[in-house]
Amino acid sequence: MSERGYALRFISGKYQGGEYPLAQSGDLVIGRSSELDLVLIEDMVSRKHARITLASGGITIADLGSTNGTFVNGEKVRRAQLKEGDRILIGTSIFKLVARTAGTTSVDAKSAQQDLERTAAARETKQGGRSAVQGRLEEVPLVDLLQLLSTSKKTGAIVISGYRSGHVHLRSGKVVSAVIDADPTLPPKKALCRMIAWTQGGFEFVAQEGDLARMPNEITDATEQLIMDAMQQTDELARGGFPAPTAAIAIAMPLSPKLRELSADELDLLQLVHNYGVVQAVLDRAAGSDLEVARRIAALIERGYLRLF
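Residues numbered from 1 in each chain as written. Predicted model: local features only at pLDDT ≥ 70, side-chain atom pairs only at ≥ 80, totals over all residues. Heavy atoms only, no water.

Chemist: Can you walk me through the overall build of the protein chain in this structure?
Modeler: Within the protein chain, the regular secondary structure consists of 7 helices and 18 strands. The burial tally for the protein chain puts 46% of its 309 residues in the buried class. The contacts in the protein chain between residues at least 6 apart in sequence include a share of 60% that link residues at least 24 apart. As displayed, the protein chain has an accessible area near 16,300 Å², and 49% of this comes from carbon and sulfur atoms. Each charge sign in the protein chain was given a centre, from 37 positive and 37 negative side chains, and these centres are 0 Å apart. (Helix = DSSP H or I, 4+ residues; strand = E, 2+ residues; numbered from the N terminus. Buried < 20%, exposed > 50% of the residue type's maximum accessible area, 1.4 Å probe, protein only. Contact = heavy atoms within 4.5 Å. Areas by Shrake-Rupley, 256 points an atom, 1.4 Å probe, with all protein chains shown as cover. Lys, Arg positive; Asp, Glu negative; His and termini not counted. Charge placed at Lys NZ, Arg CZ, Asp CG, Glu CD.)

Chemist: Help me understand the sheet that holds strand β15 (residues 174–180), please; the structure alone is not making it clear to me.
Modeler: Working definition: the strands of a sheet are paired by backbone hydrogen bonds and lie parallel or antiparallel to each other. Strand order in this open sheet of 5 strands is β12-β16-β13-β14-β15, and the pairing throughout is antiparallel. Either end of the sheet is taken by a strand with one partner, and the two such strands are β12 (134–136) and β15. The mean angle between the axes of side-by-side strands here comes to 15°, regardless of whether they run parallel or antiparallel. In terms of strand pairing, β12 meets strand β16 (residues 202–207) through 3 bridges, oriented antiparallel. When the sheet's bridge partners are listed, G135 is paired in β16 with F203. Across the face of the sheet, helix α2 (residues 142–151) comes into contact with β13 (156–161), β14 (166–171), β15 and β16 while running at roughly 165° to β13. (Pairing = 2+ DSSP bridges. Axes fitted to C-alpha atoms, helices over the stretch in contact; angles between N-to-C directions.)

Chemist: Hey, could you run me through the pairing of strand β9 (residues 79–82) in this one?
Modeler: If a strand is regular, its side chains alternate between the two faces of the sheet. Of the two faces of β9, only the one carrying A80 and L82 is buried; R79 and Q81 on the other face are not. The sheet contact formed by strand β6 (residues 58–63) and β9 spans 4 bridges and is antiparallel. Among the inter-strand pairings, I61 is bridged to a residue of β9, identified as A80.

Without other data, these values stay purely geometric and don't point to any function.
In C-alpha cells form, the structure reads like this:
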C-alpha cells in the first residue's frame, strides 16, 4: 500500500495550477534565493522567507523573519501547525496543503521546480501574456485576496459575481470602500464583513493606474485590523444562537416588560423592528456591526420585547 504524502497546490500566483510534492520528512525552505528548495522569484518574497517542516508530530510552517510576512488561512503567523486544506500566502502565491499518494520518500527539488515553470509557461501562453488575478471564492477566499493585495499595495477593485455581487475598492493596498449589490445605504464596513463570509462566487481584481478618487464614507481602519475583526465576527455569527437573517420579527404583543427600562439604542432597534419586520432589514439599518446588532436582538427576544415568527 502506498504511503500518504502531501503537496503544495498553487491556487494563485505565477504557478497557479501547479503542485510541488513534499517529502515524507525534513525541511522545505521557501524564498527568493536560487539555492533554496522552492524558489519564488518576486520582490515581495524574502531571500529566505519560510520553512515547512515535516516530522512524525505533523507539519509546521515558520516564517524566517521575512519582510512581508507569511499567512495561513488569512492570518499572519510566525509559526503554525498545518493540516490538509490549509492555505498559505507567500508573496503573490497562495498554495494549499493537499494529500497525495507518496511514490517515494525523497523529492527532487530541481525537477519539482521545473514542473512549476512548465505550468507557468503554459498558463501564460493560454492567457496571451496577461497576468490576471481571478478565480473562485470556493478556492481563494476573499480574506486571502485582501492580504495579497494589501501586501503588494495594489490599487483597484475586487469584483465579485454570483448569487450576490460586490465590489471592494483598494488604494495602495488599503481597503477604502465596499458595496454589495450596488446598495449605497449599506455602510462599507458592514458590507466588507459580510463579503468576507461569502464562500461562493467568481472574483476578478481590476487594477487601476494612478490614484483612486475619494469615495463616499471611506473606511479609515487599518486593513489588517479590518480583516481580523471581520474574521472574528464571521466565526461568532457562524456558531449560532442568533436569529436567522431571513426570519420575520416583531414587537411582542401584549408587551409586558416596561419600555422605560430600555436604552436609547434598544428603543431605536424596536422602532426598526416595527418598521421593517425582517431581521436582515434591521441588520442593514441598525447602527453597529452585524454581530453587535444580532446580540442586541437576541437579548431583546430573551427579555420579552421581541418575538420571531
